[in-house]
Amino acid sequence: MAVDATQLPHTTATQVEDVGQIPQWQLMVRRFRKSKLSVGGMYVLIVMYTIMLFSDFLAPYDHNRLDSNYAWGPPSQIKIVNGQVSTFALKQTLDQVRLQWLYVVDEGHPLPIHFFVQGYEYRFLGIFPSKLHLFGVEDGFQINLLGADKDGKDVLSRLLKGSQISLTLGFVGVVISVIIGSIVGTASGYFGGAIDNMIQRVIELLRSFPDIPLFLSLAAALPQNAPVEVRFFLITMIIAVIGWTGLAREVRGKVMAYRNADYTAASVAAGGSHWHIITRHLIPNSLSHIIVVGTLAIPAAIGSETALSFLGLGILPPAVSWGVMVRDAQTIEAITTYPWMLLPVLVLIITVLSFYLLGDGIRDAVDPYA
Amino acid sequence: MLNYIARRLINMIVLLVAVSFIGFFIIQLPPGTILDVQLQKLRQMGGDVPRDQIKALELRYGINDPFVVKYWKWVQRSAAGDFGTSYLTDQSVGERIWGRLSVSLGLSLFALIFTWLVSIPIGVYSATHRYTTPDYIVTFIQFIGLAIPGFLLALIILIFATRFFNQQVGGINSSEFMDQPMSLAKFMDMVRHLWIAVLVLAFGATAGLTRVMRANLLDVLNMQYIQTARAKGLDEAVVIWKHAVRNAIHPLVMSLGTLLPALVVGETLVAQVLSLPTIGPMYLDALRAEDMYLAGTILVMLSALLLIGNLLADLLLAWVDPRIRLE
Amino acid sequence: MTSQPTTPPTTTDDVVRVEDLKVSFYTQLGVVRALNGVSFNIPRGKVLGIVGESGCGKSITGMSIMQLVASAGKTEGGKILFREFAGGDAVNVLDYERNSPEMRKIRGNNISMIFQEPMSSLNPCYTISDQIEEAIRLHQTEDKVESRQRAIEVLTKVGMPNPARIADSFPHELSGGMRQRAMIAMALSCTPTLLIADEPTTALDVTTEANILDLMRELQSEIGTSIMFITHNMGVVAQMCDEVAVMYLGRVVERATVDDIFYEPRHPYTIALLQSIPRLGRTKGRLASIEGSVPDPYSRVNGCPFHPRCPVAIKGVCDTILPEETIVDAAKGHTVRCHLYS
């Protein structure tokens, strides 16, 4: 009764669905999209970095423009007067008892908001000189959409200018530390032996420093009167120097695991060179992990910059970063009376949160079992 | 095991020597010396300092000694238990550090206990109720906790406490208790002041650990031995708490090594905002004043704390996980 | 081959009777219908082999009896009747909540389970005796001394060389075979009515496998426990089982005594499975394999689920109508789900 299966004609292959045949990265994208919060975080960051690129154009004033007539000035009111979008002039009086500036909106003196006006000069994307700004009001008056600080500096302009440092410093620092960490970690994990041993000693030594005090001491050693670009660069280097060890360890672990994988052994057996094995087998496999660790390190680096600037060891005035602005919001009196001074805190939290959400989403997408 | 501990201890001493050397080097890097800071202070107060007095002070502080000599002097004295006299105040370094370190350690210990007590049960709940509304809420709060740097949180809480509860938050005691001996009233006052600090310190760490706990438990729950435990007829609660949590807790134990020193130094900014008399602000002041002996001593002490913390964590891990004991 | 004479299954004394069991998994990528109406019975005191390729639902069936299917899996119909004593009342296991006291009383006590991976099926944090005693204390005695004694007894029974020392070892200190012995000891510690063995020897080397199988057979005849033996290895089936149920894509396609399965297989799938076993002495030609692969779990196949791979599929019949279970030999309880026999 037995039927011989081998003698029978081939039957058509079953309707195999495409699940097994999608490229790995597409599956990752698919999984990433499932996480709404992470996708949201990604969009928030895209918007923020876009705004950063156009920050000088969007900012109505230079971030250091003082105007004592607007000290602690409140956010401007916007209304439509005579068919024009307008704000109003402010009348400044001094509260003799509490020694505070009081502002009264002068409804009789509307200030129409002009668009695409000429203002202070800047270089768009650091290259093209321009004076064009999105909006502004008549000279002699000021529009402070998000209020002004104790010297009458426009908070919106400062936030926009500050984003240029706050959004890039941590990012660049992490990119550098990722590069160092990947190279060192790969070398350590791949070659093993004496090289590995030496690298591990160095990492161990660096990791025996408590990081925050090390951070503070290094920052304290920075030259005080260096131009902002130099300080920016040096702080970036500090972040990189402190940050690369953790990544190097993780990459080493991954590389060691992949080094012992059968496909690496096969490549070795087939006469693959070190370079070939590292670039073809080890790096591509570790890459997703490196990206995840990097993404999750950025918010911490941003926080570090803020903390340093807050303590007066990071970015120093007259340059501005969000950390510098938070420093101005330090006194309880300032924030309870002038709540708009807390805006940099809010912006910081949103940025950091978005990075965490993005990183978390990428991690889940890359390695659903981690 | 003893062999292992001995090896670790020797390794630790070597590392500490290296840390002290490099640390001391970094700390004396900034241009200017403690003397400049002192002289500036004196001049601000109106006094001018004669040349020969400056010379005498330079000699006394060893300002012009080469780096290695400075370092050697500091090490010699530290080894003798004399951490030197801070330039900044006339108190002995040891005394000042211990006073502050005890406050720091106390705060951190409470924060640590809080972190564990909160993050383990919440992490377990979150993992066992994955993709439910409470899990989403917990996840969301975790992200907030990760995203808000401690000092910003301190700032925010400070505002709310002042504005809505009319509570004095900064410092360790209210002004009326400042100089009084310890009493119940003073203690309660202290608790009122410090709970915010503990909460702020613990919040970020709790958020992180809850997340780690959740992820680990999810991993462990997929393990075969969890099914084995269920197949025995154990109650799900026993399966989770006895069989799963015990295996998921490794990273938490390991984090103990880094968490304690991290909390001790992590409060630098929080303490700055809440004006707490802890080690962090002291270190910062020492750095600013270029008081390198004080700063160096604190750095080495914190580093020792970190290394001891790691060793303790490893020992604890060996106790929790029998597989590690063999190695 | 088993030396015992096979007897036809009696419906009156089945330890477990599974009727039309349906289980589906709801995943992000879609619904996986893991079991599409599985029916079979496990006669008391016998070893029933459940055979099939990976993904056919063998393990899920075992897990369902224990009510241990992951929470994404939903039981959507059917019954699992468990009868603890011969002639006693049968209970439908599915009537109990997963974590209810009634269900927990059955688990480990009346029905116990051994898993495939001995390396990971013991908790690394507790000693062997901790883990065995846990079950004994739960179901048998609360006494610490007595439970310890029983744990050592049962370890001796499974042939542990130095039971007292092994009892205080941690799982990582034992070899795979030793761990599987420990698992068997744990599973048998409360003398269950039914033992579900989910590929217990797949991860072991051949010599250890033979030892473990001998041990299980020995213990089975000694204690009288019924065994549901899940495997994909026909050789193991021949060695262990009295009766066999062949599964394909969440259904039992053939059910017969072990002799009938090997000497008179009916279903084309069973036949193909048997042809893919290498035989001693037959050196000529290639080993037969089954064309194609198991269809994607998210899709549904019309008609007989095996028809896309079936060498004798009848166009217009097999690809449209699902074959019913047909009795081919009532005396021996041989049934098959194939249009060739209906």
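All figures in this text were calculated on a predicted structure; none of them were measured in a lab.

Rules of the game
All residue numbers refer to position in the chain's written sequence, counted from 1. Chain labels run from A onward and ligand labels from 1 onward, assigned in the order the entries are written. The predicted origin of the model limits local features to residues at a pLDDT of at least 70 and limits the giving and counting of side-chain atom pairs to 80 or more, whereas totals for whole chains, interfaces and linings rest on all residues. Hydrogens and waters are ignored; side-chain quantities use all the structure's heavy atoms. Segments assigned H or I by DSSP are reported as helices when at least four residues long, segments assigned E as strands when at least two residues long, and all are numbered from the N terminus. Atoms counted for the radius of gyration: C-alpha only. Globule rule: 2.2 Å times the number of residues to the power 0.38. Between buried and exposed lies partly exposed: a residue is buried under 20% and exposed over 50% of the maximum accessible area for its type, with that area taken using a 1.4 Å probe on protein chains only. Working definition of accessibility: Shrake-Rupley area with a 1.4 Å probe, residue cover restricted to the visible protein chains. Asp and Glu count as negative and Lys and Arg as positive, but His and the ends of the chain are not part of the count. Taken as the charge centre is NZ of Lys, CZ of Arg, CG of Asp or CD of Glu, depending on the residue. Axis angles are defined between N-to-C directions and span 0 to 180 degrees, where every axis is a line fitted to C-alpha atoms and, for a helix, only to the segment in contact. Any angle that is under 35 degrees is reported as roughly parallel, and any over 145 degrees as roughly antiparallel; angles of 65 to 115 degrees are reported as roughly perpendicular and all others as oblique. In this scheme the crossing of two helices becomes right-handed for a clockwise turn of the near helix relative to the far one and left-handed for an anticlockwise turn of less than a right angle. Throughout, a contact is declared for two residues whenever any of their heavy atoms are within 4.5 Å. Three classes are used: nonpolar for Ala, Val, Leu, Ile, Met, Phe, Trp, Tyr, Cys and Pro, charged for Asp, Glu, Lys and Arg, and polar for all others, with Gly counted as polar. A pair of strands is labelled paired if DSSP reports no fewer than 2 bridges between them. The handedness rule is simple: strands pointing away from the viewer, and a clockwise path from the first strand over the helix to the second, make the crossover right-handed. One less than the number of residues in a helix, times 1.5 Å, gives the span that helix is expected to have. What pLDDT reports is the predictor's confidence in each residue, on a scale of 0 through 100. Criterion for a salt bridge: a side-chain nitrogen of Lys or Arg within 4 Å of a carboxyl oxygen of Asp or Glu. Accessible surface is computed with a 1.4 Å probe, and the buried area is the amount of it that two parts give up when combined, taken over both parts together. We call two N or O atoms a polar contact when they sit within 3.5 Å, provided that within protein one can donate a hydrogen and the other can accept it, with sequence-adjacent residues counted only if both atoms are side-chain atoms. Definitions used throughout: a 1 Å grid over protein atoms alone; a cavity as a set of points that fits a 1.4 Å probe which cannot get out; a pocket as an open set with protein on both sides within 12 Å along at least five of seven lines; a lining residue as one with an atom within 4 Å of a point. Grid points are joined across faces, edges and corners, and a volume is the space filled by probe spheres set on the points.

## Quick word on the overall build of chain C
A count of helical and extended segments in chain C gives 10 helices and 12 strands. Relative to the globule expectation of 20 Å for 342 residues, the C-alpha radius of gyration of chain C, 20 Å, shows essentially globular dimensions. Referenced to the eigenvectors of the C-alpha coordinate spread, the extents of chain C come out at roughly 65 × 50 × 45 Å. In chain C, buried positions account for 55% of the 342 residues. Split by element, the accessible area of chain C, about 14200 Å² in all, is 50% carbon and sulfur. A gap of 4 Å separates the mean positions of the 34 positive and 40 negative side-chain charges of chain C.

## Points about unusual backbone geometry
In this structure, the amide linkage connecting Pro317 of chain A to the following residue, Pro318 of chain A, adopts the cis form with an omega of 15°. Along the chain, the position of Pro318 of chain A falls in the loop between helix 9 (274-311) and helix 10 (322-328). Within the chain, Thr191 of chain C stands out as a residue other than glycine whose phi angle is a positive 35°. Tracing the chain through its elements places Thr191 of chain C in the loop between helix 6 (176-188) and strand 7 (194-198). Phi at Glu199 of chain C is positive, roughly 45°, even though this residue is not glycine. Along the polypeptide, Glu199 of chain C turns up in the loop between strand 7 and helix 7 (206-223). Residue class for Glu199 of chain C comes out buried when judged on its relative accessible area of 8%.

## Some thoughts on the packing of helix 2 (residues 36-53) of chain A against helix 4 (residues 155-191) of chain A
All names here are of chain A. At a minimum axis distance of 9 Å, the contact between helix 2 and helix 4 shows a crossing angle of 120°. One element, helix 2, and the other, helix 4, form an angle in the oblique class. Every pair of crossing elements has a handedness; the one defined by helix 2 and helix 4 is left-handed. Within the contact between the two elements, helix 2 uses Met48, Tyr49, Ile51 and Met52 and helix 4 uses Leu160, Ser163, Gln164, Leu167, Thr168 and Phe171.

## A word on the environment of Ile298 of chain B
All names here are of chain B. For Ile298, the position within the fold is in helix 13 (residues 292-320). Ile298 sits in the buried class, given a relative accessible area of 0%. Sequence separation of Ile298 and Tyr71 is 227 residues, and the distance between their C-alpha atoms is 15 Å. With sequence-adjacent residues up to four places away left out, Ile298 is seen in contact with Ile97, Ile279, Met282 and Tyr283.

## With respect to the packing of helix 6 (residues 211-220) of chain A against helix 9 of chain A
Residue and element names in this part refer to chain A. Between helix 6 and helix 9, the least distance of the axes is 11 Å, while the angle of their chain directions is 55°. One element, helix 6, and the other, helix 9, form an angle in the oblique class. Relative to helix 9, helix 6 is oriented so that their crossing is right-handed. Residue-level inspection shows Phe215, Leu216 and Ala219 of helix 6 in contact with helix 9, the latter providing Ser304, Leu308 and Leu311. Among the residues making up the contact of helix 6 with helix 9, the classes are represented as 5 nonpolar, 1 polar and no charged.

## A word on the sheet that holds strand 6 (residues 111-114) of chain C
Residues and elements named next belong to chain C. Pairing is mixed across the open sheet formed by 8 strands, whose spatial order is 6-7-8-3-9-10-12-11. Only two strands of the sheet have a single partner each, and these edge strands are strand 6 and strand 11 (326-329). Along the sheet, successive strands turn relative to each other by an average axial angle of 20°, direction set aside. Relative to strand 7, strand 6 runs parallel, the two sharing 4 bridges. Within the sheet, the bridge partner assigned to Ile114 lies in strand 7 and is Ala197. Running at roughly 155° to strand 8 (residues 226-231), helix 7 makes contact with strand 3 (47-51), strand 6, strand 7 and strand 8 of the sheet.

## Focus: the pairing of strand 7 of chain C
Residues and elements named next belong to chain C. Most of strand 7 is tucked away: 5 of the 5 residues are buried. Neither face of strand 7 is left uncovered, since the one carrying Leu194, Ile196 and Asp198 and the one carrying Leu195 and Ala197 both have all their residues buried. By the bridge criterion, 5 bridges tie strand 7 to strand 8 in an arrangement that is parallel. Considered in strand 8, the bridge of Leu195 is made with Ile227. A crossover links strand 7 with its parallel partner strand 8, the connecting element being helix 7, and its sense is right-handed.

## Focus on helix 5 (residues 193-207) of chain A
Its 15 residues give helix 5 of chain A an end-to-end C-alpha distance of 21 Å, which sits within 8% of 21 Å, the value for a rise of 1.5 Å per residue. Of the residues making up helix 5 of chain A, those classed as buried are Asp196, Ile199, Gln200, Ile203, Glu204 and Leu205 of chain A. Where the residues of helix 5 of chain A are buried, they touch helix 4 and helix 7 (228-259) of chain A together with helix 1 (2-27) of chain B.

## What to know about the sheet that holds strand 1 (residues 14-27) of chain C
Residues and elements named next belong to chain C. Spatially, 4 strands are ordered 2-1-4-5 in an open sheet, and the strand pairing comes out antiparallel. Across the chains shown, the open sheet's two edge strands, defined by having one partner strand only, are strand 2 (30-43) and strand 5 (90-92). Each strand axis lies, on average, 5° off the axis of its neighbour in the sheet, ignoring direction. The pairing of strand 1 with strand 2 spans 11 bridges and is classified as antiparallel. Its bridge partner lying in strand 2, Phe25 is registered against Val32. Those strands touched by helix 1 (residues 58-66) are strand 1, strand 2 and strand 4 (73-83), and its axis lies near 70° from that of strand 2.

## Some remarks on the confidence of the model for chain A
Residue and element names in this part refer to chain A. With 92% of its residues at a pLDDT of 70 or more, chain A shows a mean pLDDT of 80. Across chain A, the secondary-structure element scoring lowest on mean pLDDT is helix 11 (residues 332-337), at 70, and the one scoring highest is helix 2, at 90. Note that residues 1-19 has pLDDT below 50 and, in this model, 30 contacts with residues that lie over four places away or in other chains.

## What about the pattern of salt bridges?
All names here are of chain C. Inspection of the entire model under this criterion finds 27 salt bridges over all chains. Glu146 is the partner of Arg150 in a salt bridge, and the nearest nitrogen-oxygen pair spans 3.5 Å. Of this pair, Arg150 and Glu146 both sit in helix 4 (residues 144-157), 4 residues apart, which is roughly one turn of that helix. Looking at Arg150, the relative accessible area reads 27%, which means it is partly exposed. Residue Glu146 is classed as partly exposed on the basis of its relative accessible area of 33%.

## Here we look at the environment of Lys36 of chain A
One can find Lys36 of chain A in helix 2. For the pair formed by Lys36 of chain A and Leu357 of chain A, sequence separation is 321 residues and the distance between their alpha carbons is 9.6 Å.

## Examining the interface of chain A and chain B
Taken residue by residue, the interface counts 37 residues in chain A and 40 residues in chain B. Interface area lost by chain A to chain B is led by Ser208, Phe209 and Leu311 of chain A, which between them contribute 15%. At the boundary of chain A with chain B, the tally comes to 1 salt bridge. The salt bridge partner of Arg211 of chain B is Asp360 of chain A, with a shortest N-O separation of 2.8 Å. On inspection of chain A and its partner chain B, the count reaches 6 residue pairs in polar contact (both at pLDDT 80 or more). Elements represented by at least two residues in the side of chain A that touches chain B include exactly helix 5, helix 6, helix 9, helix 11 and helix 12 (343-366) of chain A. If you tally residues by element for the side of chain A that touches chain B, the top one is helix 12 of chain A, at 9 residues. Class assignment of the residues belonging to the side of chain A that touches chain B gives a composition of 27 nonpolar, 5 polar and 5 charged.

## Re the layout of surface pockets
Residue and element names in this part refer to chain A. In this model, the second largest pocket occupies a volume close to 600 Å³. Around the second largest pocket, the lining is made up of 27 residues, and of these Lys161, Gln164, Ile165, Val228 and Glu229 lie nearest the centre. Of all elements in the fold, only helix 2, helix 3 (55-58), strand 4 (114-124), helix 4 and helix 7 reach the threshold of two or more residues within the lining of the second largest pocket. In terms of residue class, the lining of the second largest pocket is made up of 15 nonpolar, 7 polar and 5 charged.

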